[in-house]
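# A structural walkthrough
Residue-level listing of the chains:
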2 protein chains.
Amino acid sequence: MTQYAVPLEDYRFVFDALGLGELTEFDGWDMAQQDVVQQIVQEAGRYGADILFPLNRQADEIGAKFENGVVTVPPGFQEAYAQFREGGWPALTGPVEYGGQGLPFYLQYILTEIMAATCMSFAQYTGLTHGAAMAIEAHASEELKALYLPKLISGEWSGTMCLTESHSGTDLGLIKTRAVPAKDGSYAITGGKIFISAGEHEMVDNIVHLVLAKLPDAPPGVRGISLFLVPKYLPDENGAPGARNGVSAGSIEHKMGMKGAVACVMNFEDATGWLVGEPHRGLHAMFTMMNVERLLLSAQGQGAAELAYQSSLAYARDRVQGRALSGAKYPTLAADPIIVHPDVRRMLLTMKAHAEGGRALALWVMKHVDIAERHPDPAEREKASDLVALMTPVVKVWLSDNGSEAANLGVQTFGGHGYIREWGMEQIVRDIRILQLYEGANGIQALDLVARKLPMKGGSLLLRLTDPIDAHIETYASSADHAEFIQPLVAIRAKLEQATALLRAKAESDPEELGAGSMDYLKIVGYAAQTFIWSKLAIEASERRGENAAFYSSKLATARFYIGKLLPFADAHLVGLEAGAEPLMALDAEYF
Amino acid sequence: MTQYAVPLEDYRFVFDALGLGELTEFDGWDMAQQDVVQQIVQEAGRYGADILFPLNRQADEIGAKFENGVVTVPPGFQEAYAQFREGGWPALTGPVEYGGQGLPFYLQYILTEIMAATCMSFAQYTGLTHGAAMAIEAHASEELKALYLPKLISGEWSGTMCLTESHSGTDLGLIKTRAVPAKDGSYAITGGKIFISAGEHEMVDNIVHLVLAKLPDAPPGVRGISLFLVPKYLPDENGAPGARNGVSAGSIEHKMGMKGAVACVMNFEDATGWLVGEPHRGLHAMFTMMNVERLLLSAQGQGAAELAYQSSLAYARDRVQGRALSGAKYPTLAADPIIVHPDVRRMLLTMKAHAEGGRALALWVMKHVDIAERHPDPAEREKASDLVALMTPVVKVWLSDNGSEAANLGVQTFGGHGYIREWGMEQIVRDIRILQLYEGANGIQALDLVARKLPMKGGSLLLRLTDPIDAHIETYASSADHAEFIQPLVAIRAKLEQATALLRAKAESDPEELGAGSMDYLKIVGYAAQTFIWSKLAIEASERRGENAAFYSSKLATARFYIGKLLPFADAHLVGLEAGAEPLMALDAEYF
């Protein structure tokens, strides 16, 4: 069976190792000290483990139902949502002026990780609201903000992101949904959207859809898309939900997993909406939300890795089968627990490396979201913002791919039982598989990295990653004690340099080279960043080993495993990058 | 939606490239010429595409049901089974003296590939019968053979393999099922088995269970296991199904996929059985069947890769989204078909390489099953048998891992639609996931390779793989034309040598090194064998290019893609092997 307890100690360690305490020096965040954060994590862990986790299997077995336009959520979700609101979780990092607690963004990551690990399909109903609020805060009029933000931040209302149409997913320039201006300054929205997460449900009093549509005078393509706020119920003069708006769910999809969540077909028929941001600049405004979702999505992949690891570890200690190759380790038992077998340990350590390494890497990026918001020095804010822009596609792919790998290794650790639904391990694989697809499929992320982020600002974004790596290398260059964690970083740092030069040179002669190398290049950036983070964690752990031998020797062993057994795969991506576009593009499309 | 047409042309090509025609020189196989084989493949393809494929989605949605000990198979299975029998498919490769058609074993592989690609859960009901018959033929008394083989070979009855118990999967020494001798030479079998594929259903008149159990005087562990034949209905004096035996299904599992198939809990209560082979040598006898199943399982992984590829290719040609980076390729369409995008091609070519490369590699191994059976020279038979022993765990892992990767890339190619059940792509992922788990989880296969196969006969089994590789290299060493397909083979051949020496040296000082390096080593063997096969295919294709430009340039492009983009991963496994057991074994079990 699956097992989960909040990894409190790891959060404490990462807080120190990444210097999250530095954020307390910024305006309004003096309360975000280690002990306060620990308390929040503990509470979130209690909510996840005690309230959400018991709902997870049933959410999969029963699923969400749809009848006559109404969604019925799985048993317990309604009550869990009430507790979510009562606990103040929707407000955790929302702006204080609209009722939020105003805590740093990285806490949103932690909350998302815990909720995804304990019931990913429940988390889908709450997950988009924060991003919708951020987009409204950044781009909407004061009037819309005053009306909608307090409700979203209190969790009374929830949010959605309506982009995809059946013929238009990655290529949003193809959308057909129209917006016609009305005399009162509102717009009449008509069109059909698909795959709308939490598009319809009755756990909240109102649902706020952020919808991409085209104005009558829209130029063709992505430069003709505008963003609209379309509520399920039109607020009355007191701001309370009034008349039903012309938006409704037509059906829900039958999915591989995430069965407790809904992906809705949403029909807009002359629905009343309000423009958010400038006309034809809707994609820009929507990307405020999209980027938040991509960042938080990485928490879902990493949370699943944590769940797979904890569950597999418990099973590997309990299940006895076979004897260690070097002789029985538990001679009084009928057989040794399978944790004695090296190949089982390979699987466990891979999951552990993905869960813990992924957490620290992502939190390092999230810290920069916070620096970008509040650092007093505008130059530092800009640098941090550039790092986040560079790393958003990387952590989205890195943690969703690694999460899927971890979930599959979890199934594998359970052997045949992994394939049986009641054990819960195969559900993790099914639930998490969506992460590589939504909010921009992983191939699109790779293209975003090489074709948008890499050339931006004269190619300087990459320095935001390599500068801290170089500084870290310099700090420990002369320390023989830490050489085992610095040398591999020096090596992968050089390969990143080489890969970047190679990709840039190739792309000059043929733009297809960018696409051909995109995924290999993204993985090399991922390995470089992950090695940097493991190096930081390992050095911190080795300096603290006296405090808690079990925890720190475990951390060091995981770092060594990562370097010895996972990092070598980076080289294959460099060789693949060198091979270039030719092996992909030589074949005529009709000869496939 | 999923798409399938039998890859007739590829079978024709592989027949020539691998010299399958050589088998016609052996006793009784003169009919197995290219044109006859093509006819059989075409017929099997028609059966798969027309009869099985339309059942596949419904089999998943409705699934097999269980009530009061009775299994109801999904709609259409009963009729499809009747057509399976009428078509003579159960008899395809069965021995002529018991009513079989006596064709070479490799045709069983092809039939399995086609059936797995078109309806994997149906194939589960027919798939074990052939292996059960082979075990009975090899080990049972003449009386049992005469009674059971004709019924199994005609498909009137089906077979099962009853090994696993809830506490005993990999470690069969722990089984508790007992066999008590009766006065008439039979045995009373009592115990509980789990995960029994096709353990109960009513598409056949009788089910023949091959059951592992312990005799009263059994020594402990795996040397105390015997094999028994236990029919569902005891044959009467005419050999027809008579009284119900003391064996019944207690329940069926709820699984991740393969929902049309059943994995039964089987209860044996004083069931009458007959010993197959010698007392306490049951594992040896069962392994005749197990090895056949492991070989045929590779066809399931490879068939799934074929289905994922064909379906994804059709989608990638049809779905328009975005423009090529080098400018619009189909300017009259709203957008370019996604097959123009390099990263989509990376996914397509990976699936194609797994489907076609896997097919040829597996058929090369299957050819040696046939050589081992019928070559007139006993030395050649032994050599071929040794190659099969060496490669059985390799193809089991290689094709099941690659099949899962291909299925996941299929989902990825479909984007969000890949996650939706009605499109059929996610079903492939769920169905195929069992392959890495059953008939010995993949980690166990790796251990079988390094701990059993590699040291066997003074370590000479590996020569059965490397000798043909070396001969191939020598043949083409001086051909500049083929250098691109010989040089990478020379390189991976050297790495295999290095890996073997390394593993042997390490294992001398610490037996845990064997387990620690097992999966990395297996993958290196897989890459070496696969590169050898691609080299053969590519050279054959380049020499025939004039005949059919589309087919052969596609084959060459796939070979180049494999060498440029997939083969580089072999190096990471070599580096992982060098890192040894330390990164896996250093951490105390309680510190995880």
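Residues numbered from 1 in each chain as written. Chains lettered and ligands numbered in written order. Predicted model: local features only at pLDDT ≥ 70, side-chain atom pairs only at ≥ 80, totals over all residues. Heavy atoms only, no water.

## Concerning the relation of the copies chain B and chain A
The two copies are related by a screw motion: chain B maps onto chain A through a turn of 180° and a shift of 0.0 Å along the axis, at an RMSD of 0.0 Å. With respect to symmetry, the two chain copies, as superposed, fit the operation of a two-fold axis. Both copies contact each other with a shared surface, as 99% of the interface residues of chain B are interface residues in chain A too. (Least-squares fit on C-alpha atoms with pLDDT ≥ 70 in both. Contact = heavy atoms within 4.5 Å.)

## Digging into the side chain of Thr129 of chain B
Note that Thr129 of chain B resides in helix α5 (residues 106-139). Once residues within four sequence positions are removed from consideration, Thr129 of chain B is found in contact with Leu152, Trp157, Ser158 and Gly159 of chain B. (Helix = DSSP H or I, 4+ residues; strand = E, 2+ residues; numbered from the N terminus.)

## Structural notes on α5 of chain B
Side chains of residues three or four places apart in an α-helix project in the same direction, reflecting 3.6 residues per turn. The end-to-end C-alpha separation of α5 of chain B is 22 Å, well short of the 50 Å expected for 34 residues at 1.5 Å each. Remark: the principal bend of α5 of chain B, roughly 130°, maps to Cys119 of chain B. (Expected span 1.5 Å × (residues − 1). Bend = angle between axes of the 7 residues up to and from the residue.)

## Considering the interface of chain B and chain A
Listed per partner, the contact involves 96 residues of chain B and 95 residues of chain A. For the chain B and chain A pair, buried surface summed over both sides reaches about 7600 Å², with 63% attributable to carbon and sulfur atoms. In terms of surface lost to chain A, no three residues of chain B exceed Tyr419, Lys565 and Phe592 of chain B, which account for 12% of the buried area on that side. At the junction of chain B and chain A, the tally comes to two salt bridges. Note that Lys565 of chain A is salt-bridged to Asp520 of chain B, the shortest N-O span being 3.8 Å. Applying the counting criterion to the chain B and chain A interface returns 44 residue pairs in polar contact (both at pLDDT 80 or more). In terms of residue class, the side of chain B that touches chain A is built from 47 nonpolar, 26 polar and 23 charged. (Buried area = accessible area lost by both parts, 1.4 Å probe. Salt bridge = Lys/Arg side-chain N within 4 Å of Asp/Glu carboxyl O. Polar contact = N/O pair within 3.5 Å; in protein donor to acceptor, adjacent residues only side chain to side chain. Nonpolar A, V, L, I, M, F, W, Y, C, P; charged D, E, K, R; others polar.)

## Overview of the nonpolar core
Judged by nonpolar contacts, the single largest core of 360 residues is most densely connected at Met391 and Tyr521 of chain A together with Met391 and Tyr521 of chain B. Those residues in contact with Tyr521 of chain B, other than ones at most four positions away along the chain, are Leu449, Val450, Leu454, Leu462, Leu496, Ala499, Thr500, Leu503 and Leu577 of chain B. (Core = buried A, V, L, I, M, F, W, Y, C linked by side-chain atoms within 4.5 Å. Buried < 20%, exposed > 50% of the residue type's maximum accessible area, 1.4 Å probe, protein only.)

## Notes on the UniProt feature "domain: Acyl-CoA dehydrogenase/oxidase N-terminal" (unreviewed entry) in chain A
The feature "domain: Acyl-CoA dehydrogenase/oxidase N-terminal" (unreviewed entry), as annotated in UniProt, sits at residues 78-156 of chain A in this numbering. Across residues 78-156 of chain A, the secondary structure splits into 71% helix and 0% strand, with the terminal C-alpha atoms separated by 13 Å. (UniProt positions renumbered as here; feature names shortened; annotations may be inferred.)

## A word on the packing of aromatic side chains
All told, the structure shown has 37 aromatic pairs over all chains when counted by the stated rule. Relative to Phe122 of chain A, the ring of Tyr81 of chain A has its centre 6.5 Å away and its plane inclined at 55°; by these criteria the two rings are tilted. Within this pair, whereas Tyr81 of chain A is found in helix α4 (residues 77-86), its partner Phe122 of chain A is found in helix α5 (residues 106-139), the two being separated by 41 residues in sequence. The residues Tyr81 of chain A and Phe122 of chain A share a single accessibility class, namely buried. Put simply, the rings of Tyr47, Phe77, Tyr81, Phe84, Phe122 and Tyr125 of chain A pair up and form one aromatic cluster. Geometry around Tyr233 of chain B places Arg244 of chain B over its ring, the cationic atom sitting 5.5 Å from the centre. (Phe/Tyr/Trp six-rings, centres within 6.5 Å; stacked < 30°, edge-to-face > 60°. Lys NZ or Arg CZ within 6 Å of the ring centre and 35° of its normal.)

## Concerning the UniProt feature "domain: Acyl-CoA dehydrogenase/oxidase C-terminal" (unreviewed entry) in chain A
In the numbering adopted here, UniProt assigns the feature "domain: Acyl-CoA dehydrogenase/oxidase C-terminal" (unreviewed entry) to residues 281-452 of chain A. Across residues 281-452 of chain A, the secondary structure splits into 73% helix and 0% strand, with the terminal C-alpha atoms separated by 18 Å.

## Comments concerning the pattern of salt bridges
Per the stated rule, a full pass over the model turns up 72 salt bridges over all chains. Of the charged contacts in the structure, one is a salt bridge between Glu426 of chain A and Arg430 of chain A, with a shortest N-O distance of 2.7 Å. With Glu426 of chain A and Arg430 of chain A both in helix α10 (residues 425-432) and four residues apart, the pair spans about one turn of that helix. This pair shows no difference in class: Glu426 of chain A is buried, exactly as Arg430 of chain A is. The partner of Arg452 of chain B in a salt bridge is Asp448 of chain B, and the shortest N-O contact between them spans 2.9 Å. Here Arg452 of chain B and its partner Asp448 of chain B are both found in helix α11 (residues 442-453), four residues apart, which amounts to about one turn of the helix. Given the relative accessible area of 46%, Arg452 of chain B is considered partly exposed.

## Here we look at the domain arrangement of chain A
Size of an interface, as often reported, equals the accessible area lost when the parts are brought together. Residue and element names in this part refer to chain A. For chain A, the assigned domains read domain 1 (8-142), domain 2 (159-285) and domain 3 (456-592). Here the C-alpha centre of domain 2 lies 24 Å away from the C-alpha centre of domain 1. Taken together, the contacts link 25 residues of domain 1 with 25 residues of domain 2. When domain 1 packs against domain 2, close to 2300 Å² is buried across both sides, 71% of that on carbon and sulfur atoms. Broken down residue by residue, the surface that domain 1 buries against domain 2 is led by Phe66, Tyr125 and His139, which jointly contribute 26%. Counting every contact that joins domain 1 to domain 2 gives zero salt bridges. (Domains from an automatic or database assignment.)

## Digging into the packing of helix α14 (residues 483-509) of chain B against helix α16 (residues 549-566) of chain B
All names here are of chain B. For the pair α14 and α16, interaxial distance at closest approach is 11 Å and the crossing angle is 30°. In this view, α14 runs roughly parallel relative to α16, as classed from their interaxial angle. The element α14 and its partner α16 pack so that their crossing is left-handed. Residues Glu484, Phe485 and Pro488 of α14 pack against Leu556, Ala559, Arg560 and Ile563 of α16. Across the contact of α14 with α16, the residue classes tally to five nonpolar, no polar and two charged. (Axes fitted to C-alpha atoms, helices over the stretch in contact; angles between N-to-C directions. Parallel < 35°, antiparallel > 145°, perpendicular 65-115°, else oblique. Left-handed = near helix turned anticlockwise from the far one by under 90°.)

## A short note on helix α17 (residues 569-579) of chain A
All of the buried residues in α17 of chain A are Phe569, Ala570, Ala572, His573, Leu574, Gly576 and Leu577 of chain A. Looking at the buried positions of α17 of chain A, the neighbouring elements they touch are α14 (483-509), α15 (512-544) and α16 (549-566) of chain A together with α16 and α17 (569-579) of chain B. The first or second residue beyond α17 of chain A is Gly580 of chain A, which carries a positive phi of 75°.

## A look at the pairing of strand β7 (residues 226-231) of chain B
All names here are of chain B. Most of β7 sits out of view: six of its six residues are buried. Judged by which residues are buried, β7 turns out to be covered on both faces: Ser226, Phe228 and Val230 on one side and Leu227, Leu229 and Pro231 on the other are all buried. Bridging between strand β6 (residues 206-213) and β7 involves six bridges; their strand directions are antiparallel. Bridge pairing in β7 places Leu212 opposite Leu227. Strand direction decides the pairing type here: β7 and strand β11 (residues 263-276), joined by three bridges, are antiparallel. Residue pairing across strands places Leu229 opposite Trp274, the latter belonging to β11. (Pairing = 2+ DSSP bridges.)

## Re the side chain of Ser404 of chain A
All names here are of chain A. Note that Ser404 resides in helix α9 (residues 378-413). Accessibility expressed as a relative area gives 8% for Ser404, which makes it buried. Apart from residues lying up to four places away in sequence, Ser404 is in contact with Ile432, Arg433 and Gln436.

## Concerning the environment of Leu147 of chain B
All names here are of chain B. Residue position: Leu147 is located in helix α6 (residues 142-154). Judged by relative accessible area, which is 29%, Leu147 ranks as partly exposed. Each C-alpha atom of the pair Leu147 and Lys214 lies 24 Å from the other, and the pair is 67 residues apart in sequence. Dropping the residues within four chain positions of it, Leu147 is found in contact with Trp157, Pro235 and Gly239.

## A look at unusual backbone geometry
Leave glycine aside and you will find that most residues have negative phi; peptide bonds, for their part, are mostly trans. Residues and elements named next belong to chain B. Not every positive phi belongs to a glycine, and Asp270 is a case in point at roughly 50°. Tracing the sequence through the fold places Asp270 in strand β11. Of note in this structure, Glu439 is not a glycine but carries a positive phi near 55°. The topology assignment puts Glu439 in the loop between α10 (425-432) and α11.

## Quick look at the state of the cysteines
Residues and elements named next belong to chain A. For the structure shown, the criterion picks out zero disulfides over all chains. Of all cysteine sulfurs in the structure, the one in Cys264 sits closest to Cys162, which takes part in no disulfide; the separation is 9.2 Å. The class of Cys264 is buried, set by a relative accessible area of 0%. (Disulfide = S-S within 2.5 Å.)

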